[in-house]
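# What the coordinates show
One-letter residues, chain by chain:
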Amino acid sequence: MKKANRILTVLMFIFLYIPMVVLIVASFNTSQDITKFEGFTLRQYAELFRDEDLLRLLGNSVLIALLSTAISVAFGTAAAVGIHRLKPKMRKVVMNLTNIPMTNPDIVTGVSLSLLFVFVGTRLLGQRESLTFWTLLIAHVTFGLPYVILNVMPKLQQMDGSLTDAAMDLGCTPVKAFFKVILHEILPGIVSGGIMTFTMSLDDFVISYFVTGSGFVTLPVEIYTYTKKPIQNKVYAMFTLLFLLIFVLMVAMNLLQLRANRKRETMRSVSKGGAIFRRCAAGFAAACVLAGCCFLAFGNKQDKIILNVKNWGMNMADGSDGTLDIVKAFEEKYPNIKVNMSYYESNETLYSQLKNGGISVDVIIPSDYMIDRMRQEGMLEKLNFDNIPNFQYVDEQFKNPDYDPNNEYSVPYTWGTVGILYNTKYVDPADVTGWELLWNEDYAGKILMIDNSRDAFGIAQYLLGYSVNTEDREELQACADKLAEQKPLVQQYVMDQIYSIMENEEAWIAPYYAGDCMLMMEENEDLAFFLPQEQGFNLFTDAMCIPTCCKEKDAAEKFINFLTDPEISGANMDYICYASPISAARDYMEDYLAESEIVYPSEEILANGTAYKYLTKETTRYVEGLYQSATKTADAEGPNWIPYAIGGAVLLGLAVTLPVIRRRKKTQ
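Along every chain, residues carry numbers that run from 1 in the direction the sequence is written. Whole-chain, interface and lining totals are the exception, using all residues; otherwise, since this is a predicted model, local features are given only for residues with pLDDT of at least 70 and side-chain atom pairs are given and counted only at 80 or more. Only heavy atoms go into the side-chain values, all of them from the structure, while hydrogens and water stay out.

Turning our attention to the sheet that holds strand β3 (residues 363-364). Backbone-to-backbone hydrogen bonds join strands into a sheet, with any given pair of strands oriented parallel or antiparallel. One open sheet holds the three strands; their spatial order is β2-β1-β3, and the pairing between them is parallel. With one partner strand each, in any of the chains shown, β2 (337-344) and β3 form the two edges of the open sheet. Two strands are counted as paired when DSSP detects at least two bridges linking them. To qualify as a helix, a DSSP run of H or I must reach at least 4 residues; to qualify as a strand, a run of E must reach at least 2; elements of each kind are numbered from the N terminus. Bridge count between strand β1 (residues 305-312) and β2: eight bridges; the pairing is parallel. In the strand pairing of β2, Ile305 is matched with Ile337.

If you want it as C-alpha cells, here you go:
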C-alpha cells in the first residue's frame, strides 16, 4: 500500500510539473516550434529585456500585486485579530462570510465589481472615467483579503493566549503587545497569506479584465490576445522567470514554517532570526508601498498625450514576423503621443463596454452594423476630415456606406468575407458544397461554430434562403431551430480560440473571417477556405471611429490619418492578412496577399456578398435570446446530468461520513 501511494504521489507531481518543464525548455529553444528542440539559446531572455512593452506590462502586474499584497496583509491581519476575539458563534458566522469571496466564481466577482465601480463613479460621483488603476487595485485587495485572514486565523488559534496577558502584565500596551508577542507568533501565517495574495494577484485575468480601464493594463489581460499568432519564445522566457520567482517565494515560505515549528528547541536563535526577518519584511513592505506611491504621484505626470485605442485582438502589425510596428512608427512620427492598445473579441463586447461607461477610449474599430447602431444611439463623435487628409486614398466604393451615409463618423480600416475553413486531410471535397457542411453528421464533434449571434444567425439565414437583415420573428425562430439542430454536432463555440484548435487539427471545420483563415492556413498547409457563393456570404467592413467618451480627439484623428496612409495600410495588411479599402495599399503588400482570391475576391464573387445592417433594439434582444437558447442551454431531449451529479455527491458524502459517525459512537 505504501509503495502504491508513493507511485501515485510521484505520478501526481510529474503530471503537475511536466507542463512547467515544457515551458522552461521552450524558453531556451532556438526553434519557434515547441515540439522540436533544435538547440540551446539565451536569445529569448535578451529579447525579453529589450522589449519595453512586455516589461511595462510585467511591471504593471508586479506593481498591482505588491500594492494589493501590502494592503491586504495590513487589513487582513487586523481583521483576523478582530475576528479571533469574537465569541465562537459570531466568529464562525464571520469566517463563513469571509470564505464566500474565495468560492465565488471570478466572473461573478469581476462583473459585480465592474457594475459597482461604474455606478459609483459615473452615476454618483459624475466621473467620466470610473474604471481606472484605483478600481483595479481595490478589486485585487478585495479578493486578496480572505486569503490573508484564512492563513492568519490558524496561527492565532494555535497561540497561547496567556502570552498576551503576560506581556500586558509586564507593562506593554495592547498595541505594543501585538508587535512584541502576537506578531511574532502569527508571522508565518502573515507571510503565507501575503505570498498567496501576491501570486493570485499576479496571475489574475478574469476580474482584472472587467475592472480595469484603458490606461493601465496588466500582463494576463494582454496575453489573452496572443491567440491569433504563435506565442513568441520571449514570452516563454518571461513565464519561466515568473515561475522561478513564485517557486523561490514558496520555498522561503516553507522554510519559514519549518523554522517556526522548531522554535521551542532553539528559542533564542529563532527569536533573533524572527526579529531580523520581521524587520526585513517590514522594510520590504514599506519599500513596496513607497514605490507604488511614487508611481502614482509621478508615473502619470508626463508631457505625452495618452491615446487609448480599442481594437480586435492582434489586428494591427506589431513588428513580429518582420512586419512594421505600426504603433512604434506612429509614436516616432508624433513623439508627444503615447498609444495604449487594448482589445475586445466581438462587436457586442465593445458595445457593452462603451455603453456601460466607466472607461475612456479615443479610437475604436467596430464592424459596419455596429457602427450604424452606435451612430444612431449617439455614441460616436463626428470626424474632422481636415485632420484626416489621407481619406482621399480610400476607394470610392467604401465612401458613404449604408452604415455611415454621409461619411461623418468613420474611416474604413479593413474589409473581408466570412466563409468556411476546413481541413483537406479529413474533409471530403465532395462534401464542401455550402453552409450545409456545418450540419454534416459525418463530422460530428469536429465542427466549430462562430460564437456571436449575428454571424451565427447570418449563416443559418443564408442556408435557409432568408435575408441576413430580416426582422421577421418566424424566420428568426426558424434560424434558431436550425442552430439548435446543429448543436449536437458542434465541438464548441469559439472566437479567437479557433486558431490553436484548427491549426492543431483538433477540429476540422469552422466558419470564420477570411483574413484570420489566411493566418491559420499559413500555420497549417492542410487548411483550405471555401466561400459559398451560390447561397451568399457576409461581406463586412471594419472602420475607425471616435466614441463620445474620447478625451484626445485631435490625437485620435492623427492616428486614423496615419493608418489610412497607403504605405502604412499595406504594411499593416501584411500582418493581419485582411483586405485594405485603399487600392494603392496593395502596391506595398506581399504579392501572395495582394493577389490572393481569398483576401481580394473578384467583383463577380463579391456580388453575392451582403453586409449586415443594424437591427432594431427589440430585434437585437430577440435574436440574442434565441441564440442563447439554441446554443448555450442544455439539450431538451438530452439527459439532465445535474440531478445525478448532485445525488452522487450526496451519496459519496454519506459513504464517507457515516462510518466516521459510527466509529465515534462506538468510542463513546
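Here the narrative resumes, following the displayed structure.
A word on the side chain of Asp542. Within the secondary structure layout, Asp542 lies in strand β9 (residues 537-544). In this description, contact between two residues means that some pair of their heavy atoms is separated by no more than 4.5 Å. Apart from the residues lying within four places of it in its own chain, the contact partners of Asp542 are Trp312, Ile365, Pro366, Ser367, Pro412, Tyr413 and Thr414.

Our next topic: the environment of Trp435. One can find Trp435 in the loop between β4 (411-423) and β5 (447-450). Residue classification places Trp435 among the buried residues on the basis of a relative accessible area of 1%. Linking Trp435 and Gly419, residues 16 residues apart in sequence, is a C-alpha distance of 8.6 Å. Apart from residues no more than four positions distant in its own chain, Trp435 is found in contact with Val418, Gly419, Ile420, Ile459, Tyr462, Leu463, Pro511, Pro532, Gln535, Gly536 and Phe537. Under the rule applied, a polar contact is a pair of N or O atoms within 3.5 Å (in protein, one hydrogen donor and one hydrogen acceptor; residues adjacent in sequence only if both atoms are side-chain atoms). For Trp435, the side chain forms a polar contact with the main-chain oxygen of Gly536, separated by 2.9 Å. Throughout this description, buried means an accessible area under 20% of the type-specific maximum (1.4 Å probe, protein chains only), exposed means over 50%, and partly exposed covers the range between.

Here, a salt bridge means any side-chain nitrogen of Lys or Arg that lies within 4 Å of a carboxyl oxygen of Asp or Glu. The full count for this structure, using the stated rule, is ten salt bridges. Glu47 is paired through a salt bridge with Arg43; the nearest N and O atoms lie 3.4 Å apart. Taken together, the positions of Glu47 and Arg43, both in helix α2 (residues 43-50) and four residues apart, correspond to about one turn of that helix. Under the relative-accessibility criterion, Glu47 is labelled partly exposed at 29%. Owing to a relative accessible area of 35%, Arg43 belongs among the partly exposed residues under this scheme. A salt bridge links Lys425 to Glu505; its shortest N-O distance comes to 3.2 Å. Placement of Lys425 in the loop between β4 and β5 and of Glu505 in the loop between α18 (498-503) and β7 (509-513) is noted, with a sequence separation of 80 residues between them. If you follow the salt bridges from partner to partner, you end up with Lys355, Arg373 and Glu377 in one network.

A few words now on unusual backbone geometry. Notably, Asn400 is not glycine yet its phi reads approximately 50°, a positive angle. Relative to the helices and strands, Asn400 resides in the loop between α15 (368-376) and β4. Positive phi, close to 65°, is recorded for Glu505, a residue that is not glycine.

Moving on, we get to the packing of helix α16 (residues 453-464) against helix α24 (residues 617-631). Contact geometry of α16 with α24 gives a least axis separation of 10 Å together with a crossing angle of 80°. As summarised for this structure, α16 and α24 are arranged roughly perpendicular, according to the angle between their axes. Here Ser453, Ala456 and Phe457 of α16 come into contact with α24, specifically with Val623, Glu624, Leu626 and Tyr627. Taken together, the residues that form the contact of α16 with α24 break down as five nonpolar, one polar and one charged. Lines fitted to C-alpha atoms define the axes, with helix axes restricted to the stretch in contact, and inter-axis angles between N-to-C directions lie between 0 and 180 degrees. Working definition: roughly parallel below 35 degrees, roughly antiparallel above 145 degrees, roughly perpendicular at 65 to 115 degrees, and oblique for all remaining angles. Gly is put with the polar residues, along with every residue not named as nonpolar or charged; the nonpolar set is Ala, Val, Leu, Ile, Met, Phe, Trp, Tyr, Cys and Pro, and the charged set is Asp, Glu, Lys and Arg.

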